[in-house]
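# Chain and residue survey
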Amino acid sequence: SQTIHQWPATLVQPVGSPLSLECTVEGTSNPNLYWYRQAAGRGLQLLFYSVGIGQISSEVPQNLSASRPQDRQFILSSKKLLLSDSGFYLCAWTADSGANVLTFGAGSRLTVL
Amino acid sequence: DAKTTQPTSMDCAEGRAANLPCNHSTISGNEYVYWYRQIHSQGPQYIIHGLKNNETNEMASLIITEDRKSSTLILPHATLRDTAVYYCIVRPWGGSARQLTFGSGTQLTVLP
């Protein structure tokens, strides 16, 4: 069966520090991968999605970047965190390009102080 | 994409059916209705989807009106673990991920 892992689960970082959140999927190949952010009390905002290794599409201009160095690995990064980067970050995958049914990870809660 | 309207919050007694409404009066002919839920501090979980016929799976039933302008998600025997925010989304099958827009949803609280 397929599983999706995200880490770290919780992170507290100072303003200006770098960030790296990692997501991996097991039990499938060539998944479509997604990064979402959920600010406190808000809906989910799509940040990035990837249909293959090295292929990244960005949905909103921001202080973050994404990379996909391996087929089942998706990384969210920042060189210098801002206070506004705080939130709940969710990785998701789907087997099809149509994003018909997304399976989400458990999430990474980032607090920038 | 069609916009959805859901009540902000609902309560339900444990063991009773929870009926969560969703209005999507501007839905297009090729748009499906999807339901996800998000338990506090967890990632959203897919529940069910449908086009025009009623659908049922091990988690819930989806009732779509004949004119497709509204739908109801039914949890037949709600438990405390069903307390979550429930999102109703409409989008075309095979559309892009940016069309899977999670709004505010309905906070369902199952009471003991």
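Rules used in this analysis
Residues numbered from 1 in each chain as written. Chains lettered and ligands numbered in written order. Predicted model: local features only at pLDDT ≥ 70, side-chain atom pairs only at ≥ 80, totals over all residues. Heavy atoms only, no water. 1 Å grid on protein atoms, 1.4 Å probe; cavity = no way out; pocket = protein on both sides within 12 Å on 5 of 7 lines; lining within 4 Å. Points joined across faces, edges and corners; volume = space filled by probe spheres on them. Helix = DSSP H or I, 4+ residues; strand = E, 2+ residues; numbered from the N terminus. Nonpolar A, V, L, I, M, F, W, Y, C, P; charged D, E, K, R; others polar. Salt bridge = Lys/Arg side-chain N within 4 Å of Asp/Glu carboxyl O. Buried < 20%, exposed > 50% of the residue type's maximum accessible area, 1.4 Å probe, protein only. Pairing = 2+ DSSP bridges.

### Considering the layout of surface pockets
- Empty space within the largest pocket amounts to approximately 450 Å³.
- Taken together, 20 residues form the lining of the largest pocket, with Gln38, Gly41 and Arg42 of chain A together with Gln38 and His40 of chain B sitting closest to its centre.
- Secondary structure elements with two or more residues in the lining of the largest pocket: strand S9 (87–94) of chain A together with strand S8 (84–92) of chain B.
- The element that contributes the greatest number of residues to the lining of the largest pocket is S8 of chain B, accounting for three residues.
- Of the residues belonging to the lining of the largest pocket, the class tally is seven nonpolar, eleven polar and two charged.

### Notes on the pattern of salt bridges
- This model, assessed by the stated rule, comprises three salt bridges over all chains.
- The partner of aspartate 85 of chain A in a salt bridge is arginine 37 of chain A, with the nearest N and O atoms 3.7 Å apart. Taken together, the residues span a long stretch of sequence, with aspartate 85 of chain A in the loop between strand S8 (73–78) and S9 and arginine 37 of chain A in strand S4 (residues 32–38) at a distance of 48 residues. Across the pair, exposure class does not vary: aspartate 85 of chain A and arginine 37 of chain A are buried alike.
- Put simply, aspartate 82 of chain B and arginine 37 of chain B hold a salt bridge, and the shortest N to O gap is 2.8 Å. Residue aspartate 82 of chain B is located in the loop between strand S7 (70–75) and S8, and its partner arginine 37 of chain B is located in strand S3 (residues 31–38); the two are separated by 45 residues in the primary sequence.

### A word on the pairing of strand S4 (residues 45–50) of chain B
Residue and element names in this part refer to chain B.
- By the bridge criterion, five bridges tie S3 to S4 in an arrangement that is antiparallel. Within S4, the residue paired with valine 33 across the bridge is glycine 50.
- Hairpin connection between S3 and S4: a loop of six residues separates the two successive antiparallel strands, and serine 41 in this loop has a positive phi of roughly 65°.

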